[in-house]
Amino acid sequence: MCAAEADVFVVFGITGDLAKEMTFRSLYRLERRGLLGCPIVGVAVDDWSPAALRRHMRDAIRAGGERVESKTFDALAGRLSYVQGDFDDSATYERVGAAIEKAKRPLFYLETPPSLFGRVVSGIAGAGLTEHARVVVEKPFGHDLASARALAADLHRSVREEQIFRVDHYLGKLGLEELLYLRFANTMLESVWNRDHVACIQITMAESFGVEDRGRFYDAVGALRDVVVNHLLQLLAAATMDAPKDGDSLDAARHRLFQAVATADPSRYVRGQYSGYRSTKGVAARSTTETYAALDLRIDNDRWRDVPVHIRAGKHLRMTQTELRFILRAPPPPSFLSRRNQPEANELVLRIDPHTGLRLILEAHRADASGPEPINLDMEFARQGGEGPTPYEVLFHAALTGDTEFFTHQDTVEEAWRIVQPLLDHAPQTHSYRKGSWGPAAARELAKPHGGWRPLWTE
């Protein structure tokens, strides 16, 4: 935890797509909530006037679904200034230094490709701006274990590890603190949150859309690097790690969990590519990049030993939804029930997207019914006090206030890459699958021993 709040927020790459889609809207919402208290300096190569940037910001906020209120927008626009310059030019960083004047605790946010992280951080360090700075960088943190280490070494030449805030927006969704509190503050949940009661865990990130205009980026990345090694492993950690020890950070608890995860087995990994992917602009004509990934993991600790974790993620699937599902062990057959009335296993489902919610699937038998059937006990978080802030609101506010709990340290990043590295080194063939399906048929075999992939919440 840093000691004081940042006194200026500098955004490198403020004219890019991420700023348009996420940054401006999140800053606007923070302004509306009274949580933004410092100047904002945008930096980019585009030759825009401050007025043009503000018009762009207004359009982006409106496109993000916000109703633009004049008072809030004017307050946000009043904080915003712009520095134009090439990131390879040292004069750009001198102008940034002049723009932030006497700021003592700057927050530098790099909305740039990872290939520019080292150059930008070196530039601000060369301008003497990093002594008490925080540097926020976006994923991906490398494309494998070796490159993740090389990227960290590049950054560490200019800033210390404790100054680096690595963004994974999934840590700003259903926050770790909320999920951990749900687990450990409720006896009925924590008492069954272990291998004695859980038969398997299923994690699904399904998207009904494709790569669209991101072909050039996505074809060099694929599903495993794009969402599994970061988003879904973070979700796995939040759902399975032990409570942090006294004086420990959440990331230390995540790191311990990742250390207990065995390296993935390529024979238990299925890659898929939706039909028509290769005709996408920017995609190689003979691309074997996966748009679908399904894999098994094992957690070798006392809480989860021998409990399989099935993970799947893909594009152009039947629906858009992300969920975490615990399938409990079926109870011993009650002797007083007939063979055809044996109860099914209970399930606990945590939905992350598109709206957060909790579902318990129980068995019940009405006296006037012919037999038992499952019932769903559902709770939508939006109906119990509101949906809450967007992920980037959470992350920006945490970075501005120096709250490190929502960010990942280098040792945790390296453990995540260590887990999936065999899947990169020995990637199996890519299976074609039909748009609107649930991916390649081969993926069904992974979850077959435990009854197959369960239907999603809204399926």
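In case you missed it, the structure is sitting above this.
Since this is a predicted model, take the numbers as computed values, not measurements. (Residues numbered from 1 in each chain as written. Predicted model: local features only at pLDDT ≥ 70, side-chain atom pairs only at ≥ 80, totals over all residues. Heavy atoms only, no water.)

## Digging into the overall build of the chain
Then comes step 1: Along the chain, the regular secondary structure elements total 14 helices and 15 strands.
Then comes step 2: On C-alpha atoms alone, the chain measures out to a radius of gyration of 24 Å, which is about the 23 Å that the 2.2 N^0.38 rule sets for 459 residues.
Then comes step 3: Taken over the C-alpha atoms alone, the chain extends approximately 80 × 50 × 40 Å along its principal axes.
Then comes step 4: For the chain, the residues scored as buried account for 53% of the 459 residues in total.
Then comes step 5: Looking at the chain alone, contacts between residues at least 24 apart form 77% of all its contacts between residues at least 6 apart.
Then comes step 6: Summing over all exposed atoms, the chain offers an accessible surface of approximately 20800 Å²; the carbon and sulfur share of this is 50%. (Helix = DSSP H or I, 4+ residues; strand = E, 2+ residues; numbered from the N terminus. Rg over C-alpha atoms; globule rule 2.2 N^0.38 Å. Buried < 20%, exposed > 50% of the residue type's maximum accessible area, 1.4 Å probe, protein only. Contact = heavy atoms within 4.5 Å. Areas by Shrake-Rupley, 256 points an atom, 1.4 Å probe, with all protein chains shown as cover.)

## Digging into the sheet that holds strand β6 (residues 164-167)
Then comes step 1: Judged by pairing direction, the sheet is parallel, and its six strands sit side by side in the order β3-β2-β1-β4-β5-β6 without closing on themselves. With partners counted over all chains shown, the strands left at the sheet margins are β3 (80-84) and β6, one partner each. For this sheet the average axis-to-axis angle between neighbouring strands, irrespective of direction, equals 20°.
Then comes step 2: When strand β1 (residues 8-12) meets strand β4 (residues 106-110), the two strands line up parallel, connected through five bridges. The residue bridging F9 from the neighbouring strand is L107, located in β4. (Pairing = 2+ DSSP bridges. Axes fitted to C-alpha atoms, helices over the stretch in contact; angles between N-to-C directions.)

## Quick notes on the packing of aromatic side chains
Then comes step 1: Under the defined criterion, the tally for this structure stands at 14 aromatic pairs.
Then comes step 2: Geometrically, the ring pair formed by F12 and F87 is edge-to-face, given 5.6 Å between the ring centres and 75° between the ring planes. Here F12, found in strand β1, pairs with F87, found in the loop between β3 and α4 (90-99); they are 75 residues apart in sequence, far enough to count as distant.
Then comes step 3: Centroid distance Y218 to Y277: 6.4 Å. Interplanar angle 70°. Geometry classified as edge-to-face. Of the two residues, Y218 is situated in helix α9 (residues 215-219) and Y277 in the loop between β8 (269-274) and β9 (292-298); the sequence distance between them amounts to 59 residues. The burial state of Y218 is the same as that of Y277; both residues are buried. (Phe/Tyr/Trp six-rings, centres within 6.5 Å; stacked < 30°, edge-to-face > 60°.)

Coordinates in, geometry out; function isn't part of it.
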